[in-house]
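# Examination of the molecular architecture
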Amino acid sequence: MAQLIDGKQLSNQVLQKVASEVEYLKGEYGVVPTLAVVLVGEDPASQVYVRNKVKRAKEAGMGSIEYRLDTETTQGDLNQLVAQLNNDPQVHGILVQLPLPPHLDEDEVIASIDPAKDVDGFHPLNVGALAAGQASLVPCTPQGCMIMLRQVHQDLSGKHAVVVGRSNIVGKPMMALLLQADCTVTMAHSRTRDIESLCRNADIVVAAAGRKELVNADWIKPGATVIDVGINAIEADGKRKLVGDVAFAPVSETAGAISPVPGGVGPMTIACLLLNTTRAARRQLA
Ligand code: NDP
């Protein structure tokens, strides 16, 4: 049986680190690291994510301000709110929950966030800094995946990693981080041919396709490490249930280590968001 990479437990360790950094910034500088979260519309999954982020921020002793805007919010109103938060010295991190309603331009909103407060790490300047291997605010989900991988591999150098999915928020920054850690990285996506054999050659598979249980046991080399980013809601026995992009039970028989869904990458993402907020606060102090 594969070793379980417990995201809940690991995220608690990260959150403890965040809480002590918050204490330090309060004690030393009288500054309360503060995260502003902006939610536009009524998307139920986004509402849950925002609630969890705000809850965890409070538990870590951080400040959090929640803005809930209605679905009809205009681009101008949203840009104005972001500009106000950019200029507010009490706010250290800004997160605009995605996806936005279709009439709003996500790229424009992301580009309008002050890169120093861009705790999601999606601003083009932060994306470029990451690609160039420079210190930056790194997107939270891939950052969490790296912490999980380092639980299993002290040294990632020379490992062959396959990332399934090439989105800007998960797949591409994941590739950049793995490259920085000296992995050999293959990016797979919906047009990739014979994805199964690519994965079968990998020491590490990161699944971020948003396709329920896409990765099966015959995709995985015995002993490989599997990180499951996917979150897919399904109905089972009349109940709503979350499953990942990896068929957990069969893959656990083959893999050397595997992260579960739920209780894997999800809690790590939130913990890394708060870590980014304390980093942003510290940099703004400097
Ligand atoms: P996107 O939909 O933006 O991207 C999905 C990627 O997967 C695309 O690059 C797509 O390829 C690729 N893909 C789709 N189907 C296949 C397939 N059959 N084989 C190979 N590649 C495929 O999704 P996100 O990156 O935003 O999210 C991915 C998953 O991770 C989702 O389930 C999401 O809910 C979850 N997620 C979880 C987070 C967490 O905190 N745990 C945070 C963020 C996301 P192409 O580019 O060719 O279309």
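For every chain, the first residue of the written sequence is number 1, and numbering continues from 1 along that sequence. Local features are withheld for residues below a pLDDT of 70 in this predicted model, meaning they are given only at 70 or higher, and side-chain atom pairs are given and counted only at 80 or more; totals for whole chains, interfaces and linings count all residues.

## Examining the site of the ligand
- Near the ligand there are 26 residues, and of these Gly 165, Ser 167, Ser 190, Gly 210 and Thr 269 occur at the shortest range.
- By the criteria applied, helices consist of DSSP H or I runs no shorter than four residues and strands consist of E runs no shorter than two, each listed in order from the N terminus. Top element by residues in the shell around the ligand is helix α10 (residues 265–285). It accounts for three residues.
- Just so you know the grouping, Ala, Val, Leu, Ile, Met, Phe, Trp, Tyr, Cys and Pro go in nonpolar, Asp, Glu, Lys and Arg go in charged, and all remaining residues, Gly too, go in polar. For the shell around the ligand, the residue count by class is eleven nonpolar, twelve polar and three charged. Placing the C-beta atom from the backbone, one calls a residue near a molecule or strand if that atom lies within 6 Å of it.

## Some points on the sheet that holds strand β7 (residues 204–207)
- The sheet built from six strands is open, its strands ordered β1-β11-β8-β7-β5-β6 with parallel pairing. The sheet terminates laterally at β1 (3–4) and β6 (184–188), the two strands that pair on one side only.
- Pairing between strands is defined by DSSP: at least two bridges between them are needed. Sheet analysis places strand β8 (residues 225–228) next to strand β11 (residues 257–258), joined by two bridges and oriented parallel. Paired with Thr 225 across the bridge in β11 is Ala 257.
- Against the sheet, helix α6 (residues 140–152) touches β1, β7, β8 and β11, its axis set at about 155° to β8.
- Strands in contact with helix α7 (residues 171–180) are β5 (160–164), β6 and β7; relative to β6, the strand with the most contacts, it is inclined by about 170°. Residues are scored as being in contact if the C-beta atoms we place from backbone atoms lie within 7 Å. With axes taken as lines fitted to C-alpha atoms, and helix axes fitted only over the stretch in contact, angles between N-to-C directions fall between 0 and 180 degrees.

## Things to note about the domain arrangement of the chain
- For the domains described, the bounds stem from an automatic or database domain assignment. Under the domain assignment used here, the chain contains domain 1 (29–114) and domain 2 (140–266).
- Each of domain 1 and domain 2 has a C-alpha centre, and these two points are 28 Å apart.

## Describing α6
- Here α6 is 13 residues long and its end C-alpha atoms lie 19 Å apart, about the 18 Å a rise of 1.5 Å per residue gives.
- Field definition: a residue is buried when 20 or more other C-beta atoms are found within 10 Å of its C-beta, exposed when 12 or fewer are, and partly exposed for counts in between, with C-beta atoms placed from the backbone. Looking at α6, one finds that the buried residues are Cys 140, Thr 141, Pro 142, Gln 143, Gly 144, Cys 145, Met 146, Met 148 and Leu 149.
- Packing partners of the buried residues in α6 comprise α1 (7–29), α7, β7, β8 and α10. Under the convention used throughout, the expected extent of a helix is 1.5 Å for every residue step, that is, one less than its residue count.

## Points about the UniProt feature "binding site: NADP(+)" (unreviewed entry) in the chain
- UniProt positions are given in the numbering used here, feature names are shortened, and annotations may be inferred rather than shown by experiment. UniProt feature "binding site: NADP(+)" (unreviewed entry): in the numbering of this structure it lies at Gly 165, Arg 166, Ser 167 and Ile 231.
- By secondary structure assignment, the location of Gly 165 is in the loop between β5 and α7.
- Those residues in contact with Gly 165, other than ones at most four positions away along the chain, are Val 170, Gly 171, His 189, Ala 208 and Ala 209.
- Here Ser 167 is to be found in the loop between β5 and α7.
- The class of Ser 167 is partly exposed, set by 16 C-beta atoms lying within 10 Å.
- Look past the residues within four positions of Ser 167 in its chain and what remains in contact with it is Lys 172 and Ala 208.

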